[in-house]
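Structural overview
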Amino acid sequence: MIDAMTSNKVRYLLFFQYFGTKYSGVVRAPETQAVLGVENYLEMAAQKLRPVGKVKFSISSRTDTGVHALCNSAHMDIERTPGKVPFSEAILVKALNFHLQPEPISILKAIRVSDDFHARFKAVSRTYFYRIVTGCERTDLPVFERNLCWAASETHLDIPRIQEAARFFVGKHDFSGFRSVNKETPFRSPVKTLLQASITPSTSFLPNHTQNSNLQFWDLTFKSKSFVYNQVRRMTSALVSVGLGHLTPQHIKLHLEERKPPVSPLIIVAPPSGLFLKEVEYDEKDLRYEPEE
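Throughout what follows, the structure given in this document is the object of discussion. Worth saying up front: this structure is predicted, and the values here are computed from it rather than measured. (Residues numbered from 1 in each chain as written. Predicted model: local features only at pLDDT ≥ 70, side-chain atom pairs only at ≥ 80, totals over all residues. Heavy atoms only, no water.)

Focus on the packing of aromatic side chains
Within a pair of aromatic rings, the relevant descriptors are the distance that separates the centres and the angle that separates the planes. Note the threshold: For Phe, Tyr and Trp, where Trp contributes only its six-membered ring, two rings pair if their centres lie within 6.5 Å, and the inter-plane angle classes them as stacked under 30 degrees, edge-to-face over 60, or tilted in between. Helix numbers and strand numbers start at the N terminus; a helix is a DSSP run of H or I with at least 4 residues, a strand a run of E with at least 2. Between buried and exposed lies partly exposed: a residue is buried under 20% and exposed over 50% of the maximum accessible area for its type, with that area taken using a 1.4 Å probe on protein chains only. Only Lys NZ and Arg CZ are tested; either one counts as a charge over a ring when it is within 6 Å of the ring centre and within 35 degrees of the ring normal.
The full count for this structure, using the stated rule, is ten aromatic pairs. An angle of 70° between the planes, with centres 6.2 Å apart, marks the rings of Phe-205 and Phe-276 as edge-to-face. Of this pair, Phe-205 sits in the loop between β8 (191–202) and β9 (216–224) while Phe-276 sits in strand β10 (residues 275–282), placing them 71 residues apart in sequence. A residue is classified by how much of its surface remains accessible, and Phe-276, at 4% relative accessible area, is buried. One aromatic cluster is present, built from ring pairs that chain together Phe-15, Phe-117 and Tyr-282. Here the guanidinium or amino end of Arg-80 rests over the ring plane of Phe-87, the centre of that ring lying 3.9 Å away.

Set out below in structure tokens:
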């Protein structure tokens, strides 16, 4: 058994959400930077719990500036001073949320996990959805929606064409034609297996405050174990172009087969404001913690 009078380190898996507009992204930014990342604020909150040493977070899923998360995840280790027992999961959630105020970041759940658990590598899937709206320009959107969706067009979309095109994304493909280049590109495979690509009707977050009856909200949902950089935002813009008649579903199929970097001006990186990380899933057996005897 662990002696309560000795120093001990405990690993937790945290599920958390955030409104991403004011942050540089989810990962930690240099402290000298004017706009910080969500991870900076998680670290600051954790340090107020008076741990032994500095608490580091390992984020499961990176999101860029302006992207939101209904549920992201990360693991961290907390070592308490001798004589103090590890935080219970409920107390840890409550304490971190207290110290995160007034940031639009919230811890949803904490799970004590084994010391070798890794939030990123143990994830079995990640689900994103992208909110688009048609029937207006961005300036005509309700104030409370302006950083939460993309006003993609003043006209309506051809949804059956989008559904037809989205089916080409499902399965194992080389997504070189739907990624952006960054410093990690040479080291990351462009081959991914998409488990879901779908479009469904949605609503305004505040429907009673939407006076424009022409507005139509849609959610584009994508699920995979992992994605290449900007893949979701490029797939979104491509599907919007299909819905507007600028591309055909066959164009999507051909672009996948060509496996070339994006060259079409119609396959842009959609704005970050409409993108939400919805869920990070794990195998239940990996979340079981069995204390040492």
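That covers the picture; the talk isn't over yet.
Here we look at the nonpolar core
Just so we agree on the cut-off: Working definition of a nonpolar core: buried Ala, Val, Leu, Ile, Met, Phe, Trp, Tyr and Cys residues. They are joined through side-chain atoms within 4.5 Å. Residue contacts follow a heavy-atom distance rule, with two residues in contact if any of their heavy atoms lie within 4.5 Å.
By size, the foremost hydrophobic cluster in this structure holds 76 residues, and its most contacted members are Leu-92 and Phe-169. Sorting elements by how many residues they give to this core places strand β1 (residues 8–18) first, with seven residues. Contact partners of Leu-92, with chain neighbours within four places excluded, come to Tyr-12, Leu-14, Leu-49, Met-76, Ile-78, Phe-87 and Ala-110. Counting seven residues, the second largest nonpolar core, distinct from the first, contains Val-133, Leu-141, Ala-151 and Phe-217.

Section: the pairing of strand β5 (residues 123–134)
Defined as follows: What makes two strands pair is DSSP finding at least two bridges between them.
For β5, the tally of buried residues reaches eleven of twelve residues, placing the bulk of the element in the interior. Pairing analysis gives seven bridges linking β5 to β10, with the strands arranged antiparallel. If you follow Ser-125 over to β10, its bridge partner there is Glu-281. The sheet contact formed by β5 and β9 spans nine bridges and is antiparallel. Paired with Arg-126 across the two strands is Ser-224, which belongs to β9. As paired strands, β5 and strand β6 (residues 150–153) are joined by three bridges and run parallel to one another. Residue pairing across strands places Val-133 opposite Ala-151, the latter belonging to β6.

Re the layout of surface pockets
Keep this limit in mind: Here a cavity denotes grid points, spaced 1 Å and computed from the protein atoms alone, that fit a 1.4 Å probe unable to get out, and a pocket denotes an open set having protein on both sides within 12 Å along at least 5 of 7 lines; residues with an atom within 4 Å of a point are the lining. Grid points are joined across faces, edges and corners, and a volume is the space filled by probe spheres set on the points. Three classes are used: nonpolar for Ala, Val, Leu, Ile, Met, Phe, Trp, Tyr, Cys and Pro, charged for Asp, Glu, Lys and Arg, and polar for all others, with Gly counted as polar.
Taken as a whole, the largest pocket encloses approximately 1100 Å³ of empty space. Taken together, 39 residues form the lining of the largest pocket, with Ser-61, Arg-62, Glu-184, Arg-188 and Phe-227 sitting closest to its centre. Of all the secondary-structure elements, those providing two or more residues to the lining of the largest pocket are β2 (57–59), β5 and α4 (231–243). Split into classes, the residues belonging to the lining of the largest pocket amount to twelve nonpolar, 15 polar and twelve charged.

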